[in-house]
Every structure is written in structure tokens, then in C-alpha cells.
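Examination of the molecular architecture
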Amino acid sequence: MNLRVGVTKDDRFLDHKTGHAHPEHPRRLAEIYRMIDREFKDHVMIVPPEPATLEQVEMVHTPGHVLRILKTAEQRISSMTPDTQVSAGTYMAAWLAAGACIHGIDMLMDKTLDAFFALVRPPGHHALADRAGGFCIFNNIAIAARYAMKRYGLERILVIDWDIHHGNGINDLFYDECRVYYYSTHDTALYPYSGFAGDTGSGPGRGCTMNIPLLREMTDDDMVYLYSRTLLPLLSGYRPQLIMVAAGFDAHEDDLLGKNHFTADIYGRITRMILDFFRHSETVLPPLFFALEGGYEPRSLTASVRSVFTALTGSGISANPPERAAENIMGLIREMMTIHQPYGFI
């Protein structure tokens, strides 16, 4: 499967300054950019970003929140919340990050690309309609999803969030509708301490949120097995027209904030599993969209992003899902099946 892969990279994302000791630091992205230039420049299309419009950002965020972000341009460094520092360059980086995601949707929907990765910062999946938080300013994926629904009439968008921190912003913004199905694997003992198995959506969106609390002792093979038994059935049952990945890499064993035991390989294996599912299915591969979220140790972050690009560019990585898992993993899967099978998507 030869995919046309696009990526957004731009040094203006490095102008979002958070302070030397802050984990969401520009060097995260700078190291990824160097890796892309060294190893993938002949295999991907570089897509320059353009800022989102006010109308596009306000599809998700309140005018008051937008105004607060614009005012950050007046200060050298300040804080939106105790954990979310901003600088004079933050507002432009945030508008470019949202705009890059929207441009990626356009290039996927007009079939210029098969897969697109927005290598942007600040991240977005914790941002709520009216406030920043968790290092996030605008909810980049939510804005792009709203745009895809409005511009292209999409009715079934699957968001896969493999960041170790629950994407409470995406979860809450789409909790009462089924046009976006939110699938998240995360550690509920970490910020923002949300995303429990029983949180499945409300009203018309009931059954269109799958929150899977991970076990700290899980290995790469355990994670692949979990995805093979929960995500793959969802791909069949929900039949997404667009797959969006909130690509956080802080579940890596060397990450500064995550407390889990996965290696960089897990992200490429999950990506390959999705590609293999459609390769062996009668269903055509939908557009694949990735946006960078967490991951705070630059070397392990870069290795993890490399793993995804290796899978997307067909460089040989294999999913290799195991045939069985430990009883505690099987118990977690049984719990998810009991909760979600009545909704009819798995």
C-alpha cells in the first residue's frame, strides 16, 4: 500500500515559548523536524501552514477564549492556567496549528494525499470551548473535525487518541453526538483524571465515546492485542469516512510525564494494524489524519514519530498482533465489550 503522505512543519511553531523548564518545549518539535529532514524528506510532501480564520476557530471556541489568546501577543511570557504558559509568539503558533490541520483536511478530501501529519505545537486535545489547559491552547483536532463536517458533509469521523493523558477536550466537545466517535486509551491516574470506562457519551451521542483506562503493567504486545480486539471491530461497525489520530507519544517508557512501559514501536504497530485492516477489507482506506499532541522526552518522542512515518511510508514495520494476552488484559477487553456491544458499533 503506497500512500501519499503529507506533513506540516514550520519554524513558527517553535516561537511558542513556555520557559526552559517546561516539558512542552520547542526542542520537542525541533528534533522531530531534523529527523524528518534526514530520513523522510524524499518520501513525504511538505505542506506549509496558513493561519485558521476566526470563523473556523469559533466553530469550537468561544469569542472570549479567542480574545484571551490574541491578548497573549502583548506579553513576553504569561500563563493561561498554572500548567499552560504562553508567550508573544503563542497566538500565531496556535492559529497556524489549527490552520495546518484544516489545510490537511482539504488535501485529504481532495485526494492530493492519503495521509497527513500535522507536526505542530501547541498541542490541542485538552483545550475546551472556553479555556486552555494541559499545555493546549486551541483544540486543533476538534476544529479540523468541525471543518470536515461543515465543508465536506462528513457524518462519521473516528478520532483515535493514543496519548497517555485523556483528551478531555475532544471527549467533551463531541460527547453528545455520533458524527464524531471518540476512542481513547489512557491512564486515568494522570491529568486530567478523566475518561472512565462508563463514560460513553450522552443523549444522541450515547455509545459514541469509548474510553479505555490502561493498566500500568501493560506491554507493547498487550496494547496491540487490546487495539486488535476493540479498535478493529469499531472500524467495521462505525465505518468512518475520516480517521483522525490525536498522536501523543507520552506513553513511552522514557517519557517525563507518562508512567507507562511502551516502546516507540507500539505507535508504528498500531498504525500498521489500521493500514492492514483496510488492505484486507473490502472497505477503502479512509483519509488518515494525525496531529501531534503529547510526548515530552525529545529522543523518545522523535523515535515514536519515526515509527509512525515508517509505517505510513511502507518501510516494513509489522503489527504482529499476538494471539492471546494475559488474563488482566482479557478482563479489560471483556469489560469494554460488555459496555459497548449493546450500542451496535462493535
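Not measured: the values here are computed from a predicted model.

**Here we look at the overall build of the protein chain**
Looking only at helices and strands, the protein chain features ten helices and ten strands. For 346 residues, the compact-globule formula gives about 20 Å, and the C-alpha radius of gyration of the protein chain, at 18 Å, lands near that figure. Its C-alpha atoms give the protein chain principal-axis dimensions of about 55 × 45 × 40 Å. Counted over contacts in the protein chain with a minimum sequence separation of 6, partners at least 24 positions apart contribute 78%. A total accessible area of about 13,100 Å² is found for the protein chain, and carbon and sulfur atoms account for 51% of it. Averaging the coordinates of the 32 positive side-chain charges in the protein chain and doing the same for the 41 negative ones gives two points 2 Å apart.

**Looking at the packing of aromatic side chains**
This model, assessed by the stated rule, comprises 16 aromatic pairs. Of the aromatic side chains, those joined through ring pairs into one cluster are F40, F117, W162, F249, Y267, F290 and F309. Between K9 and the ring centre of Y33, over which it is positioned, the NZ or CZ distance is 5.3 Å.

**Side note on helix α3 (residues 63–71)**
Every buried residue belonging to α3 is among H65, V66 and I69, and all of these are buried. Down the axis of α3, the smallest arc covering the buried residues is 100°, so these residues share one side. Against the buried residues of α3 lie α2 (54–57), β3 (77–81) and α4 (90–109).

**Brief notes about the environment of V284**
Residue placement: V284 occurs in the loop between α8 (265–279) and β10 (288–292). Judged by its relative accessible area of 69%, V284 falls in the exposed class. Sequence-wise, V284 and R239 are 45 residues apart; in three dimensions their C-alpha atoms are separated by 10.0 Å.

**Thoughts on the confidence of the model for the protein chain**
When the pLDDT values of the protein chain are averaged, the result is 96; 99% of them are 70 or greater. Ranking the elements of the protein chain by mean pLDDT puts β3 last with 91 and strand β6 (residues 157–161) first with 99.

**Description of the pattern of salt bridges**
Tallied over the full model, the rule gives 17 salt bridges. Several salt bridges converge on common partners, so that one network encompasses E24, R28 and R121.

**Here we look at the pairing of strand β9 (residues 242–247)**
In terms of burial, β9 is largely enclosed, as six of its six residues are buried. Of the two faces of β9, both are covered, the one formed by L242, M244 and A246 as well as the one formed by I243, V245 and A247. Pairing analysis gives five bridges linking β6 to β9, with the strands arranged parallel. In the sheet register, D161 faces β9, and the bridge partner there is A246. The pairing of β9 with β10 spans five bridges and is classified as parallel. Pairing of A247 across the sheet is with L292, part of β10. In the classification by handedness, the crossover that spans β9, the intervening α8 and the parallel β10 is right-handed.

**Quick notes on the pairing of strand β7 (residues 180–186)**
Most of β7 is tucked away: seven of the seven residues are buried. Side-chain alternation along β7 places V180, Y182, S184 and H186 on one buried face and Y181, Y183 and T185 on a second face that is also buried. Two strands pair when backbone bridges link them, and β6 and β7 are joined in this way by five bridges, in the parallel orientation. Its bridge partner lying in β7, I160 is registered against Y183. Each parallel crossover has a hand, and the one from β6 via helix α6 (residues 168–173) to β7 is right-handed.

Cut-offs used in this document
Residues numbered from 1 in each chain as written. Predicted model: local features only at pLDDT ≥ 70, side-chain atom pairs only at ≥ 80, totals over all residues. Heavy atoms only, no water. Helix = DSSP H or I, 4+ residues; strand = E, 2+ residues; numbered from the N terminus. Rg over C-alpha atoms; globule rule 2.2 N^0.38 Å. Contact = heavy atoms within 4.5 Å. Areas by Shrake-Rupley, 256 points an atom, 1.4 Å probe, with all protein chains shown as cover. Lys, Arg positive; Asp, Glu negative; His and termini not counted. Charge placed at Lys NZ, Arg CZ, Asp CG, Glu CD. Phe/Tyr/Trp six-rings, centres within 6.5 Å; stacked < 30°, edge-to-face > 60°. Lys NZ or Arg CZ within 6 Å of the ring centre and 35° of its normal. Buried < 20%, exposed > 50% of the residue type's maximum accessible area, 1.4 Å probe, protein only. Arc of directions from axis to C-beta. pLDDT = per-residue confidence, 0-100. Salt bridge = Lys/Arg side-chain N within 4 Å of Asp/Glu carboxyl O. Pairing = 2+ DSSP bridges. Right-handed = clockwise from strand over helix to strand, strands pointing away.

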